[in-house]
There are 2 protein chains.
Amino acid sequence: MAAGTLTNAALIAVDWGTSRLRARLVDGNGAILAEAASDEGIGAISGGHEQVIERLTADWPAVPMLMAGMVGSRQGWREVAYVPCPATIAEISRATVPFTMSDGQRKAAIVPGVMLRDPKRDGDVMRGEETQIAGVIEREPAFDGTAILPGTHSKWVRIENGTILDFQSYLTGELFQLLSRQSFLRHSVAENAGELAAAPGFALGVERTAGDDLPFLAALFSVRVRYLLDNADKSDNLAYLSGLVIGGEIAAARAGGQLRPGAAIRVVGAQSLAQAYMKALALIGLAADAPDGDQLALAGLLHIAHAIGFLPKGHA
Amino acid sequence: MAAGTLTNAALIAVDWGTSRLRARLVDGNGAILAEAASDEGIGAISGGHEQVIERLTADWPAVPMLMAGMVGSRQGWREVAYVPCPATIAEISRATVPFTMSDGQRKAAIVPGVMLRDPKRDGDVMRGEETQIAGVIEREPAFDGTAILPGTHSKWVRIENGTILDFQSYLTGELFQLLSRQSFLRHSVAENAGELAAAPGFALGVERTAGDDLPFLAALFSVRVRYLLDNADKSDNLAYLSGLVIGGEIAAARAGGQLRPGAAIRVVGAQSLAQAYMKALALIGLAADAPDGDQLALAGLLHIAHAIGFLPKGHA
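Conventions adopted
- Residues numbered from 1 in each chain as written.
- Chains lettered and ligands numbered in written order.
- Predicted model: local features only at pLDDT ≥ 70, side-chain atom pairs only at ≥ 80, totals over all residues.
- Heavy atoms only, no water.
- Pairing = 2+ DSSP bridges.
- Helix = DSSP H or I, 4+ residues; strand = E, 2+ residues; numbered from the N terminus.
- Buried < 20%, exposed > 50% of the residue type's maximum accessible area, 1.4 Å probe, protein only.
- Least-squares fit on C-alpha atoms with pLDDT ≥ 70 in both.
- Contact = heavy atoms within 4.5 Å.
- Lys, Arg positive; Asp, Glu negative; His and termini not counted.
- Salt bridge = Lys/Arg side-chain N within 4 Å of Asp/Glu carboxyl O.
- Polar contact = N/O pair within 3.5 Å; in protein donor to acceptor, adjacent residues only side chain to side chain.
- Phe/Tyr/Trp six-rings, centres within 6.5 Å; stacked < 30°, edge-to-face > 60°.
- Lys NZ or Arg CZ within 6 Å of the ring centre and 35° of its normal.
- Buried area = accessible area lost by both parts, 1.4 Å probe.
- Axes fitted to C-alpha atoms, helices over the stretch in contact; angles between N-to-C directions.
- Parallel < 35°, antiparallel > 145°, perpendicular 65-115°, else oblique.
- Left-handed = near helix turned anticlockwise from the far one by under 90°.
- Nonpolar A, V, L, I, M, F, W, Y, C, P; charged D, E, K, R; others polar.

Whenever I open this one, the sheet that holds strand S13 (residues 163-170) of chain B confuses me. Can you help?
Hydrogen bonds between backbone atoms are what pair the strands of a sheet, whose relative direction is either parallel or antiparallel. Residues and elements named next belong to chain B. Across the sheet, 5 strands lie side by side as S6-S13-S12-S11-S14; this open sheet has mixed pairing. Each having just a single partner strand, strand S6 (87-88) and strand S14 (264-267) make up the two edges of the open sheet. As paired strands, strand S11 (residues 145-149) and S14 are joined by 4 bridges and run parallel to one another. What sits directly across from Thr146, in S14, is Ile265.

Would you explain helix H4 (residues 172-181) of chain A in this entry?
Because an α-helix packs 3.6 residues into every turn, residues spaced three or four apart end up facing the same way. For H4 of chain A, the tally of buried residues reaches 7 of 10 residues, placing the bulk of the element in the interior. When H4 of chain A is considered as a whole, its buried residues turn out to be Thr172, Glu174, Leu175, Phe176, Leu178, Leu179 and Ser180 of chain A.

What is the right way to read the relation of the copies chain A and chain B from this model?
The second copy of the chain is related to the first by a rotation about an axis and a shift along the axis. Of the two same-sequence chains, chain A is brought onto chain B (RMSD 0.0 Å, axial shift 0.0 Å) by a rotation of 180 degrees. As the rotation angle and translation indicate, the two copies are arranged about a two-fold axis. The rotation axis passes nearest to the C-alpha of Leu178 of chain A in chain A, at a distance of 3.5 Å. Residue by residue, 98% of the interface of chain A is reproduced at the interface of chain B, so both copies engage with the same surface.

Just to check I follow, could you spell out the side chain of Asp27 of chain A for this structure?
Residue and element names in this part refer to chain A. Among the structural elements, Asp27 can be located in strand S2 (residues 21-27). Despite its burial, Asp27 remains without a salt bridge, the nearest opposite charge being carried by Arg24 at 12 Å. Separated by 2.8 Å, the side chain of Asp27 and the backbone nitrogen of Asn29 make a polar contact. Setting aside chain neighbours within four positions, we find Asp27 in contact with Asn8, Ala9, Ala10, Leu33 and Leu311.

Sorry, what's going on with the pattern of salt bridges here?
For side chains of opposite charge, pairing can occur when their charged atoms come near one another. Overall, the coordinates contain 34 salt bridges over all chains when judged by the stated rule. Of the charged contacts, one joins Arg74 of chain B and Glu79 of chain B as a salt bridge, the two residues approaching to 3.6 Å between their closest N and O atoms. For Lys120 of chain B, the salt bridge identified is with Asp118 of chain B, shortest N-O distance 3.8 Å. Judged by relative accessible area, Asp118 of chain B falls into the buried class, the value being 14%. Taken together, the shared-partner salt bridges connect Asp118, Lys120, Arg121, Asp124 and Asp166 of chain A into one network.

Just to check I follow, could you spell out the packing of aromatic side chains for this structure?
The way to describe two aromatic rings as a pair is by their centre distance and the angle between their planes. Inspection of every chain in the model, using the stated rule, returns 6 aromatic pairs over all chains. Ring geometry for Trp77 of chain A against Phe99 of chain A: centres 5.2 Å apart, planes inclined by 70 degrees, an arrangement best described as edge-to-face. Of this pair, Trp77 of chain A sits in the loop between strand S4 (65-68) and strand S5 (83-84) while Phe99 of chain A sits in strand S7 (residues 97-100), and the two are 22 residues apart along the sequence. Both residues of the pair, Trp77 of chain A and Phe99 of chain A, belong to the buried class. Between the aromatic rings of Trp16 of chain B and Trp77 of chain B, the centroid separation amounts to 6.5 Å while the plane-to-plane angle is 75 degrees, which identifies the pairing as edge-to-face. Pair noted here: Trp16 of chain B is in strand S1 (residues 9-16) and Trp77 of chain B is in the loop between strand S4 (65-68) and strand S5 (83-84), with a separation of 61 residues, a long-range link. No difference in accessibility class separates Trp16 of chain B from Trp77 of chain B, as the two residues are buried. We note Arg78 of chain A situated over the ring of Phe99 of chain A; from NZ or CZ to the ring centre the distance is 4.1 Å.

Whenever I open this one, unusual backbone geometry confuses me. Can you help?
The phi torsion of most residues other than glycine is negative, and most of the peptide bonds are trans. Of the consecutive residues Cys85 of chain A and Pro86 of chain A, the connecting peptide bond is found in the cis state with omega at 0 degrees. A positive phi is found at Asp213 of chain B, a non-glycine position, where the angle reads about 60 degrees. Residue position: Asp213 of chain B is located in the loop between helix H5 (200-211) and helix H6 (216-219). On the accessibility criterion, Asp213 of chain B (48% relative accessible area) is partly exposed. Its identity as a non-glycine residue notwithstanding, Asn231 of chain B has a phi of 50 degrees, on the positive side. Structurally, Asn231 of chain B can be placed in the loop between helix H7 (221-230) and helix H8 (234-256).

Explain the interface of chain A and chain B to me, please; I cannot follow it from the model alone.
Much of the literature gives interface size as the accessible area that the parts lose upon coming together. Between chain A and chain B, the contact holds 46 residues from the first and 45 residues from the second. Buried area between chain A and chain B, both sides added, is near 3,800 Å², and the carbon and sulfur share of it is 68%. Run the count over chain A and chain B and you get 4 salt bridges. Between Asp122 of chain A and Arg208 of chain B there is a salt bridge whose closest N-O contact spans 2.5 Å.

What am I meant to see in the sheet that holds strand S9 (residues 114-118) of chain B here?
The 3 strands lie next to each other as S5-S9-S10 (chain B), forming an open sheet whose pairing is mixed. Of all the strands in the sheet, the pair left with one neighbour each is S5 and strand S10 (122-126) of chain B. Where S5 of chain B and S9 of chain B come together, 2 bridges link them in parallel fashion. From the neighbouring strand, Pro84 of chain B faces S9 of chain B, where its bridge partner is Met115 of chain B. In the packing of helix H7 (residues 222-230) of chain A onto the sheet, the strands contacted are S9 and S10 of chain B, and the crossing angle to S10 of chain B comes to about 85 degrees.

Any chance you could explain the side chain of Arg121 of chain A here in plain terms?
All names here are of chain A. Secondary-structure assignment places Arg121 in the loop between strand S9 (114-118) and strand S10 (122-126). With relative accessibility at 4%, the residue Arg121 sits in the buried group. Polar side-chain contacts of Arg121 include one of 3.3 Å to the side chain of Asp124. Polar contacts involving the side chain of Arg121 include one to the side chain of Gln168, which spans 3.1 Å.

Please clarify how the packing of H5 of chain B against helix H9 (residues 271-283) of chain B should be interpreted in this entry.
Each pair of packed helices can be summarised by the angle the axes make with each other and by the distance between the axes. All names here are of chain B. Where H5 meets H9, the axes come as close as 9 Å, and the angle between the chain directions of the two elements is 55 degrees. By the angle between their axes, H5 is oblique relative to H9. Considering only the axes of H5 and H9, their crossing is right-handed. Contacts from Phe202, Ala203, Val206 and Glu207 of H5 reach H9 at Ala276, Lys279, Ala280 and Leu283. Of the residues that constitute the contact of H5 with H9, the class distribution is 6 nonpolar, no polar and 2 charged.

Everything listed here is a matter of geometry and, on its own, says nothing about what the molecule does.
As structure tokens, this is what we get:
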């Protein structure tokens, strides 16, 4: 990469989660100049955070660095205390912890996670997703509704007046992997299948747990029964299990108040997974938009970078 | 064992499940003369069923053999068709498949499983548990209520007039193992702990999913939160996860109609697990009895043995 193209570099925006590290070099207007990523997630390394990120971005100018995700956890670079819910993006920005890197000059900062206390279920935590939510609010300042961030640990986040009011995490992705690969249901489903959400089994699964409110735990054994008594195709049955899990998540969010009747919905995540959620929501009559999760994460980091003075004010 | 004590031997009663093989030699009155067991479950062997059971019972007289469990599945000795639900014990007895062992003389028979069809969830199957239910009905012919058979795959069975009306399987035991040992929640719970049901966490878990109807999927992340924000003791947190799973099963059975208001309840299973369910039911105000599962399985096999002429009529 020719150094000449990087002279406008103003910030390195970093998503540093449990399993992935991703850095983007941007100019003062937030335009991306360069990108780099690795598998050196917080769960994969033990210390040496500064060396890891410097190695990844060695060819880039030494501009300030703003980071979000598990990098701010106890196992991360610096532990950054959670901001309590309800939390505005301004509060999250103010609680971002700045520090100087070991050269004594270069500026860095870590965005805090958000914490919820709720006596009905102890509470909840997020680290990294708050930055995507900041992106949602940056793009739609008047957004009033629910943002769904599907994944290994899905989050449903209720937003109003630029504030995170309430959120709930689900082990959806992890549960799907455990059930389809490790439980006795693995004998009844394919190891892999193409676009799960396109299979008829997916729709049936969603309709049962989200449409008919069949309890998730009461629905699971039917994966076995469909194979044993109905000779269900194993690929379709994997899609059915996926539908049961995602439908179960939707039903739980509705029961828990994270999905209110008539609320606007944004599904924020990787495209194929976001499309599966869009399909599931449509099956029970709910419309949603799916803005690009990567772009929102960057928009959120840029918003916070402006707020803390890492980027000049007046740009977005 | 002195052969002299076995001269009254009349029947070998066999539970042959996925992971365990258990044989009991009984006299014409059903009194146990000898017992033997091994890990040669149906899932652990590939064929050679006759050799396996003959080796286990080599010292015993060659009396007729009545078997129940996965021995009647496609992977078993002979596949025995399921009896459809509603099913009486008399119907199950009539559908028991007799055959002659390879010496051309010795009689054997396999008890069928029971199958349920239900458009709301495809249906359900059991193999082996029907014999414990036959034991419940043998002991309490007028029993009207629900029998709970906790375990790796728990079954809730609604019984009326000596008939299995409806039943539902739950992956409870397997789900608990997967979540506590393989999911990311493993970092928040102890690997093992003593009597889980005695810990305060167990009661809290049951109260949330069965008492307050917090959806199981919405409750799971709280295992992490209790550890992260509340410094929950890992042993108590394992008990909490156990309470969430068992409570979730109870809530699902209530929603699915397997647990009707005011119904009599029998918890049939190994004592420590049965006691945990008794405790969970008591926490939400439900009384239950816990007859010994092993004795009921034998009582059921003896009942069927009488019905098919493997034991003389008139004894029980």
